[in-house]
Amino acid sequence: MAARDFIDELNPFMPQTQRMTSISSEVQVCNSDNEITAINARYGGRANDQRVYRNSAIRNFMERRYDDGIRNFWILGDSGYTLTPTLITPFHNPERGSPSERFNIAFVTCRSIVERTIGILKARWRCLRKERALHYDPVTAGRIVNMCCVLHNICRRYGVPDPAMYRDPDVEDDEVIEEIEREDGEIVRQQIVNEYFL
């Protein structure tokens, strides 16, 4: 089989990617079936998640759609990301029983899909775990990340049982909320609360 034929055969399983150069810090987008739909692993491990997202193709895509008037979809990010009209983050310390708290409960349920996807990916492909860093040049490491994501998606589509989930001991659930870059993000998030949680 020629390389091009192999790539064409794998194409339905491939997430949208940018040029890969490193594994440690990535923006990952997944769907509710734990399939990876976008990945950006081109930054080193010390890169801030917000910086990685700010320079990603998925951010540009989301903002173009928003600017074109398509405003009924969002990426859910943890509190380490800046709230924008296209990237929604949880409320910080909402009042008990409030619509904001109900939003956060639903938000955490949805965000747990991402954490589960990462856990499945790292459990299946142990080379992606922090303690087993890839000792390759950045381009090769990025290709390995891409192929792990492709193979992960193939396993999901063909019903291969998930391994026991891996939990990174260094990841904290509560991160400091960064300053809001776009005030419109608060408005959009409040509209979601008003529409679905009041």
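Residues numbered from 1 in each chain as written. Predicted model: local features only at pLDDT ≥ 70, side-chain atom pairs only at ≥ 80, totals over all residues. Heavy atoms only, no water.

Break down the overall build of the protein chain for me, with residues and values.
On a plain count of helices and strands, the protein chain comes out with 6 helices and 5 strands. Each helix and strand of the protein chain, ordered N terminal to C terminal, gives the series α-β-β-β-α-α-β-β-α-α-α. Taken over 198 residues, the protein chain has a buried fraction of 41%. Taking all contacts inside the protein chain whose residues are at least 6 apart in sequence as the whole, residues at least 24 apart take part in 59%. (Helix = DSSP H or I, 4+ residues; strand = E, 2+ residues; numbered from the N terminus. Buried < 20%, exposed > 50% of the residue type's maximum accessible area, 1.4 Å probe, protein only. Contact = heavy atoms within 4.5 Å.)

Tell me about helix α5 (residues 138–157), residues and numbers included.
Compared with an ideal rise of 1.5 Å per residue, which puts 20 residues at 28 Å, α5 spans 29 Å between its outermost C-alpha atoms and is within 8% of the ideal. For α5, the full list of buried residues reads A141, G142, V145, N146, C148, C149, V150, H152, N153 and C155. Once α5 finishes, G159 follows within two positions and takes phi at roughly 70 degrees, a positive value. (Expected span 1.5 Å × (residues − 1).)

Could you give an account of the packing of helix α4 (residues 99–124) against α5, with specific residues and numbers?
Two elements in contact, α4 and α5, have axes whose closest approach is 10 Å; the angle formed by their N-to-C orientations is 105 degrees. Classified by the interaxial angle, the pair formed by α4 and α5 is roughly perpendicular. For the pair formed by α4 and α5, the contact residues are T117, I120, L121 and R124 on the first element and C148, C149, H152, C155 and R156 on the second. Across the contact of α4 with α5, the residue classes break down as 5 nonpolar, 2 polar and 2 charged. (Axes fitted to C-alpha atoms, helices over the stretch in contact; angles between N-to-C directions. Parallel < 35°, antiparallel > 145°, perpendicular 65-115°, else oblique. Nonpolar A, V, L, I, M, F, W, Y, C, P; charged D, E, K, R; others polar.)

Before we move on, can you summarise the side chain of R111 with the specific residues and values?
Along the polypeptide, R111 turns up in helix α4. Residue contacts for R111: discarding those within four places in its chain leaves L76, G77 and D78.

Describe the confidence of the model for the protein chain, listing the residues and the values that go with them.
The predicted structure's coordinates, where accompanied by low pLDDT, should not be read in detail. Counting all residues, the mean pLDDT for the protein chain is 77, and 74% of those residues have values of 70 or more. Counting interchain partners and residues more than four positions distant, the pLDDT-below-50 stretch residues 17–25 has 45 contacts. Note that pLDDT drops below 50 for residues 172–182; the model gives that stretch 27 contacts with residues more than four away or on any other chain. (pLDDT = per-residue confidence, 0-100.)

Quick rundown of the packing of aromatic side chains? Include the residues and the values.
Considering all chains together, one arrives at 4 aromatic pairs under this definition. Aromatic pair Y53 and Y81: ring centres 6.1 Å apart, planes at 85 degrees, arrangement edge-to-face. Taken together, the positions of Y53 in helix α2 (residues 49–54) and Y81 in the loop between β4 (75–76) and β5 (87–88) put the pair 28 residues apart, joining distant regions of the chain. With a relative accessible area of 4%, Y53 lands in the buried category. According to the relative accessible area criterion, Y81 is buried, its value standing at 11%. Pairing F91 with F103 gives two aromatic rings, centres 5.5 Å apart and planes at 80 degrees, and the pair type is edge-to-face. (Phe/Tyr/Trp six-rings, centres within 6.5 Å; stacked < 30°, edge-to-face > 60°.)

Describe the pattern of salt bridges, and please don't skip the residues or the numbers.
Overall, the coordinates contain 7 salt bridges when judged by the stated rule. With a closest N to O distance of 3.3 Å, E63 and R59 form a salt bridge. Taken together, the positions of E63 and R59, both in helix α3 (residues 57–67) and 4 residues apart, correspond to about one turn of that helix. What makes E63 buried here is its relative accessible area of 17%. R59 sits in the partly exposed class, given a relative accessible area of 21%. A salt bridge links D162 to R156; the nearest nitrogen and oxygen atoms lie 2.6 Å apart. (Salt bridge = Lys/Arg side-chain N within 4 Å of Asp/Glu carboxyl O.)

Describe unusual backbone geometry, listing the residues and the values that go with them.
Of note, N34 is a non-glycine position whose phi angle comes to about 60 degrees, a positive value. Residue N34 is classed as buried on the basis of its relative accessible area of 6%. Not every positive phi belongs to a glycine, and N93 is a case in point at roughly 50 degrees. Position of N93 relative to the elements: it lies in the loop between β5 and α4.

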